[in-house]
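Analysis of the macromolecular model
What follows is each chain in one-letter form.
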Amino acid sequence: MTSSDPTALPDPWQSLHELLAAMDAEIEQVYVARGIEGVRPRFAYPLIRLAHTGPLTIRELAQSLNRSHSAISQTVAAMRKEGLVTSEPGPDARTRRIDLTERGRSLVPFLEAEWRATHATVAELDGEVPHALTGVVEELQRALAHRSMRQRVLDHLVEPPR
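My aim in this report is to walk through the structure given alongside it, one point at a time. (Residues numbered from 1 in each chain as written. Predicted model: local features only at pLDDT ≥ 70, side-chain atom pairs only at ≥ 80, totals over all residues. Heavy atoms only, no water.)

Computed from the structure, the largest pocket encloses a volume of approximately 1400 Å³. The wall of the largest pocket is formed by 37 residues, among which Leu20, Met23, Asp24, Arg67 and Val122 lie closest to the centre. Broken down by secondary-structure element, the contributors of at least two residues to the lining of the largest pocket are helix H1 (14-33), helix H2 (41-53), helix H4 (69-81), helix H5 (102-128) and helix H6 (133-146). A class-by-class count of the residues in the lining of the largest pocket yields 25 nonpolar, seven polar and five charged. (1 Å grid on protein atoms, 1.4 Å probe; cavity = no way out; pocket = protein on both sides within 12 Å on 5 of 7 lines; lining within 4 Å. Points joined across faces, edges and corners; volume = space filled by probe spheres on them. Helix = DSSP H or I, 4+ residues; strand = E, 2+ residues; numbered from the N terminus. Nonpolar A, V, L, I, M, F, W, Y, C, P; charged D, E, K, R; others polar.)

As structure tokens, then:
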């Protein structure tokens, strides 16, 4: 243990986390205003994908959404709890096939409309700020492709003596 607590300093990621959480909360308010309870914005992507592909294993769904198996597994569990998807044994004992319930299927047209509206909103916001978020993300990706986050952390890491 060191003499000073590094977590006492302001977290440079905090404002981004707060912004994303606030934006998700406002999208969720759109759902609630339409009488859609128990649906979170993170459900939209997998629900829409399942509507267009039919049943998928968690691994297939994660790959199709470019998300981790763990993240999709947690999202599927939450969606199953809300009655949006079913989970049945897959082709072998290690897999589960995920499919939409009637409730999940009935929400897809609205979720697709909200998805499009959200994308239009992001484009609108990009036009209102001096540094478009989508452009900043692309610039960060280019910088990290040049020199990875791992390498950058290692360059700054001062390990304590053993």
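Membership of the largest hydrophobic core comes to 25 residues, with the highest contact counts inside it found for Val39, Leu47, Leu84, Val85 and Leu111. For this core, the elements supplying multiple residues, two or more each, are H1, H2, helix H3 (58-65), H4, strand S3 (96-100) and H5. Here the element with the most residues in this core is H2; it accounts for five residues. Setting aside anything within four residues of it in sequence, one finds Leu47 in contact with Met79, Leu84, Val85, Leu100, Val108 and Leu111. (Core = buried A, V, L, I, M, F, W, Y, C linked by side-chain atoms within 4.5 Å. Buried < 20%, exposed > 50% of the residue type's maximum accessible area, 1.4 Å probe, protein only. Contact = heavy atoms within 4.5 Å.)

Another aspect to go through is the sheet that holds S3. Pairing between the strands of a sheet is mediated by backbone hydrogen bonds and can be parallel or antiparallel. With respect to topology, three strands assemble into an open sheet ordered S1-S3-S2, the strand pairing being antiparallel. Only two strands of the sheet have a single partner each, and these edge strands are strand S1 (56-57) and strand S2 (85-89). Two strands pair when backbone bridges link them, and S2 and S3 are joined in this way by five bridges, in the antiparallel orientation. Paired with Val85 across the bridge in S3 is Leu100. (Pairing = 2+ DSSP bridges.)

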